[in-house]
Amino acid sequence: MWGGRFDLPPAALMQEINASLPYDRRLYSQDIRGSQAHAAMLAKQGILTAEEEKKIQEGLSLILKEIEDGRFEFRRELEDIHMAVEARLKELIGDVGGKLHTARSRNDQVAVDMKLFVREECEKAIFLLKDLRRVLKKRAAENVETIMPGFTHLQVAQPISFGFYLHAYYEMFGRDIKRFKNAFDVMGECPLGAAALAGTPYNMDRFFTAEKLGFGTPTKNAFDSVSDRDFVLEYLSCASICAMHLSRLAEEMVVFSSQPFGFVKMPQEYTSGSSIMPQKCNPDAAELLRAKTGRIYGSLMTLLTVMKGLPLAYSKDMQEDKECLFDACDTLVLGLKVMTAMIDGLTIRADNMRKALENGFPTATDLADWLVKKAGIPFRQAHHMTGQIVKFAEQNDLRLADVPLTEMQKICPQITQDVYAVLSAEASLNARQSYGGTAPDQLRDRLAETEEL
Ligand code: ARG
């Protein structure tokens, strides 16, 4: 491409470090789409004749077909997908193919290809997150009254429903959708036409190409356009937060499906056995989901580090944005699909969840609240008295509901028989009627409000 200025071909090692074709070939459809829009704009502006444009468009369509049919030869010496497509275009249609690169540089070309790709990945993530939320909502609705212990510090805290637990993740993944949508909007400016760094002396219509490629407007500064990879970082940030959510849910699936908990049973198709212990059904898929988060964070850290301290505008460093992005995209897509299938196939062990509430005094707060509401005792004092009753129960190996009234009255004389009504897990659950609380009616209402995301 630039043989005019060079005496020597690149060293083999130079090709190895320099060529991005082995991985950026993945951008072929975005690259061809960008070129088609560019050629149309050049013709509309009289920079290409209609005849020239026709030849270029036909050549590009042919190349797209060749690649999709697996008939395209990716030659590493051509460096990247942009040059591979251009070289093939010249082979197919002759010298007129060389006119496509008028008023364009690979710097704006790669920027627009990447933006098109990342926008599609945002849409893909949103689609898969909606699917996951649909399943979480369905399973939550089935388990509005399935009581389990809610934990803080992984210590039994208060009774909640399993539906309430799943709804928490429904909310988290809803925020992820909003983040991806926002990122999609922010990356709504088209860099094509920025050329190398300073714009071009041609009479271009950048608004035309922007619109043709589905962007709202062109970018406003050519220098910034070719050195900007914020949009990749933003995708990776959204993906990292989403992967963190996936890993938390995966972790709980690992814990909840373990024998000491036994709250859920993993769908067997998402577990694997042990080569030595015949009884095992290991939650491998959940464990891998928990671990794969690291790859996505790694991609974010990679690119943040690549971009840090880079002078304006384009530097070859920026070519290192691709492999980490592709890996993160594939990891996220797989993770969302696996999580959706796993939650869909989960068996709920309500009996074990209920049993786990026998320990840990989950209704101690209800007792303190009773003292506040019925006996007019200030909360701090009620908290202290309840602590004393819990201590008595613990020492005598009793549940709170089994502590005799006389013993309670020794600690707080105002306690009466009707305190026992609030000490069951069901009563505790039903009492939490505050907006966003775990009471079945509350959760049903929240689940009924389908927020259009
Ligand atoms: N393969 C390059 C990349 O991915 C394309 C842009 C190259 N531009 C340049 N001036 N060398 O970043």
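Please refer to the structure higher up on the page.
Residues numbered from 1 in each chain as written. Predicted model: local features only at pLDDT ≥ 70, side-chain atom pairs only at ≥ 80, totals over all residues. Heavy atoms only, no water.

Visitor: Would you mind showing me how to read unusual backbone geometry here?
Guide: With glycine set apart, most residues show a phi of negative sign, and most peptide bonds adopt trans. Residues Leu-312 and Ala-313 are joined by a peptide bond in cis, for which omega reads 0°. With phi around 75°, Glu-79 is a residue other than glycine that occupies positive phi space. Looking at where Glu-79 falls in the secondary structure, it is placed in the loop between α4 (50-68) and α5 (81-93). Overall, the relative accessible area of 7% leaves Glu-79 in the buried class. Here the phi dihedral of Phe-361 falls at roughly 50°; this positive angle occurs in a residue that is not glycine. Tracing the sequence through the fold places Phe-361 in the loop between α13 (350-355) and α14 (364-375). (Helix = DSSP H or I, 4+ residues; strand = E, 2+ residues; numbered from the N terminus. Buried < 20%, exposed > 50% of the residue type's maximum accessible area, 1.4 Å probe, protein only.)

Visitor: Would you mind going over the site of the ligand with me for this structure?
Guide: The immediate surroundings of the ligand are formed by Ser-20, Asp-24, Asp-80, His-82, Arg-106, Asn-107, Val-110, Tyr-314, Gln-319 and Lys-322. Per-element tally for the shell around the ligand: the top contributor is helix α6 (residues 106-142), with three residues. By residue class, the composition of the shell around the ligand is two nonpolar, four polar and four charged. (Near = heavy atom within 4 Å. Nonpolar A, V, L, I, M, F, W, Y, C, P; charged D, E, K, R; others polar.)

Visitor: How should the nonpolar core be read in this particular structure?
Guide: When a protein is soluble and globular, its nonpolar side chains tend to lie buried together. By size, the foremost hydrophobic cluster in this structure holds 95 residues, and its most contacted members are Tyr-165, Phe-180, Tyr-235, Met-253, Leu-325 and Leu-332. When residues of this core are assigned to their parent elements, the largest contribution, 15 residues, is made by helix α10 (residues 230-256). Filtering out sequence-adjacent residues up to four positions away, Leu-325 remains in contact with Met-114, Phe-117, Val-118, Val-232, Tyr-235 and Leu-236. Counting residues in hydrophobic clusters, the runner-up holds 19 residues, among them Ala-368, Val-403, Cys-412 and Ile-415. (Core = buried A, V, L, I, M, F, W, Y, C linked by side-chain atoms within 4.5 Å. Contact = heavy atoms within 4.5 Å.)

No statement about biological role is implied by the geometric values presented.
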